Amino acid sequence: MKNVDVRKIRKKMEKSLDSKRFEHTLGVAYTASALAMCHQADIEKAQIAGLLHDCAKCMSNEKKTDICEKHQIPVTDIEKHNPFLLHAKVGRYLAQKQFHIHDEDILNAIMNHTTGRPEMSRLEKIIYIADYIEPGRKQAPGLSKVRRLAFQDLDRALLKILKDTLDYLQSIDSPIDPMTQKTYDFYIREAGKVIH
Ligand code: DGI
Ligand code: FE
Ligand code: FE
């Protein structure tokens, strides 16, 4: 990537995130790089997207909502009621405006890292998966299985994470973003097309 200094991005993230979130960010960046090595994706893009995916995470809900209003970023009903979801969209905006990232694939990977979307690119899948399996994550069920799967088959790992996330959200009665459901429905259909 021309004109992108990974070290500079890392330093800026260290300043703008709390220490726990920064540790998570490094975990995602390194895990995404390893997945890119394994699955023949662009390692540098994986690192950059990993470093930036949660760049809006430590911002207040008011600030995120303000940014969306000011810059005509559409906010859905579920995002209005669960503003933490906005850190993905606002993150994309900041990556472009403050970090001067113009690569659409990286920007999409940041924007879709929480809910996923149908027809994700390889990089988008890598970031979505790395976010869930990075070494600092502890609680998710079946984590060791997904970790292994991620280095064997991106689509199967993706599907397991989507399923486990939906189950978890249902179990705690948390509202489900229609995009999370749509993503799961899309990939379950895709899996049905594959002859195992
Ligand atoms: O920002 P991180 O914590 O690193 O990770 P993330 O951006 O993937 O957010 C993780 C949380 O998002 C996790 O607790 C599950 C939740 N999430 C994912 N899809 C949905 C969702 N929460 C709600 N309410 N609805 C969703 O559709
Ligand atoms: Fe996130
Ligand atoms: Fe994250």
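Above this text sits the structure in question.
Attention here is on the structure that accompanies the text. Quantities reported herein were computed from a predicted structural model and do not represent experimental measurements. (Residues numbered from 1 in each chain as written. Chains lettered and ligands numbered in written order. Predicted model: local features only at pLDDT ≥ 70, side-chain atom pairs only at ≥ 80, totals over all residues. Heavy atoms only, no water.)

### Quick notes on the nonpolar core
Operational definition: We call a set of buried residues a nonpolar core when its members are Ala, Val, Leu, Ile, Met, Phe, Trp, Tyr or Cys and they connect through side-chain atoms within 4.5 Å of each other. The cut-offs for exposure are 20% and 50% of the maximum accessible area for each residue type, with area from a 1.4 Å probe on protein chains only; residues under the lower value are buried, those over the upper are exposed, and the others partly exposed. Secondary structure elements follow DSSP: runs of H or I no shorter than four residues count as helices, runs of E no shorter than two count as strands, and numbering proceeds from the N terminus. Contacts between residues were defined by any pair of non-hydrogen atoms, one from each residue, lying within 4.5 Å.
Within the largest apolar cluster, 58 residues are counted, with the highest numbers of intra-cluster contacts made by Ile 9, Leu 52, Ile 101 and Ile 129. For this core, the leading source of residues is helix H8 (residues 122–133), giving 8 residues. When neighbours within four sequence positions are excluded, Ile 129 is seen to be in contact with Leu 35, Ala 150, Leu 154, Ala 157, Leu 158 and Ile 161.

### A few points about the coordination of the iron ion (ligand 2)
Applied cut-off: Shown as donors are all N, O and S atoms within 2.8 Å of a metal ion, widened to 3.2 Å for Na, K and Ca; because water is not in the atom set, sites may appear incomplete.
Here the iron ion (ligand 2) is held by Asp 54 (OD), His 87 (NE2) and His 113 (NE2), and the distances to it run 2.1 to 2.2 Å. Metal-to-metal, the separation of the iron ion (ligand 2) and the iron ion (ligand 3) is 3.5 Å; Asp 54 coordinates the two. Separated by 26 residues along the polypeptide, His 87 in helix H6 (residues 86–97) and His 113 in the loop between helix H7 (104–111) and H8 bring together distant segments of the chain. Across the pair, exposure class does not vary: His 87 and His 113 are buried alike.

### Brief notes about the pattern of salt bridges
What counts here: Salt bridge criterion: a side-chain nitrogen from Lys or Arg within 4 Å of a carboxyl oxygen from Asp or Glu.
What the rule picks out here adds up to 10 salt bridges. For Lys 193, the salt bridge identified is with Glu 190, shortest N-O distance 3.0 Å. Pair noted here: Lys 193 and Glu 190 are both in helix H11 (residues 178–193), with a separation of 3 residues, about one helical turn. For Lys 193, a relative accessible area of 60% puts it in the exposed group.

### Describing the site of ligand 1
Definition in use: Any residue with a non-hydrogen atom lying within 4 Å of a molecule or strand is treated as near it. Polar contact is the term for a pair of N or O atoms within 3.5 Å; when the atoms are in protein, one must be able to donate a hydrogen and the other to accept it, and sequence-neighboring residues count only if both atoms are side-chain atoms. Each accessible area is a Shrake-Rupley result for a 1.4 Å probe, and residues are judged covered by the shown protein chains and nothing else. For this classification, Asp, Glu, Lys and Arg are treated as charged, while Ala, Val, Leu, Ile, Met, Phe, Trp, Tyr, Cys and Pro are nonpolar and the rest, including Gly, are polar.
The immediate surroundings of ligand 1 are formed by 17 residues, with Lys 57, Thr 114, Arg 137, Asp 177 and Thr 180 found nearest. Here an oxygen atom of ligand 1 sits 2.9 Å away from a polar atom, N or O, in the side chain of His 24. Between Thr 180 and ligand 1, the recorded distance is 2.7 Å, taken from a side-chain N or O atom to an oxygen atom. Relative to its unbound accessible area of 570 Å², ligand 1 is 85% covered by the protein chains. Along the lines of polarity and charge, the residues of the shell around ligand 1 split into 4 nonpolar, 7 polar and 6 charged.

### Side note on helix H1 (residues 6–16)
Put simply, the rule is: When we speak of the arc, we mean the arc of directions from the helix axis to the C-beta atoms.
Restricting attention to buried positions, one finds in H1 the residues Val 6, Ile 9 and Met 13. Angular distribution of buried residues about the axis of H1 spans 60°; they occupy a single face of the element. Seen from the open side of H1, the exposed residues pointing more than 90 degrees away from its buried face are Arg 7, Lys 8 and Lys 15. Tucked into the core, H1 has its buried residues touching helix H2 (19–38) and helix H3 (43–52). Where H1 starts, the residue carrying a side-chain oxygen 3.0 Å from the main-chain nitrogen of Arg 7 turns out to be Asp 5.

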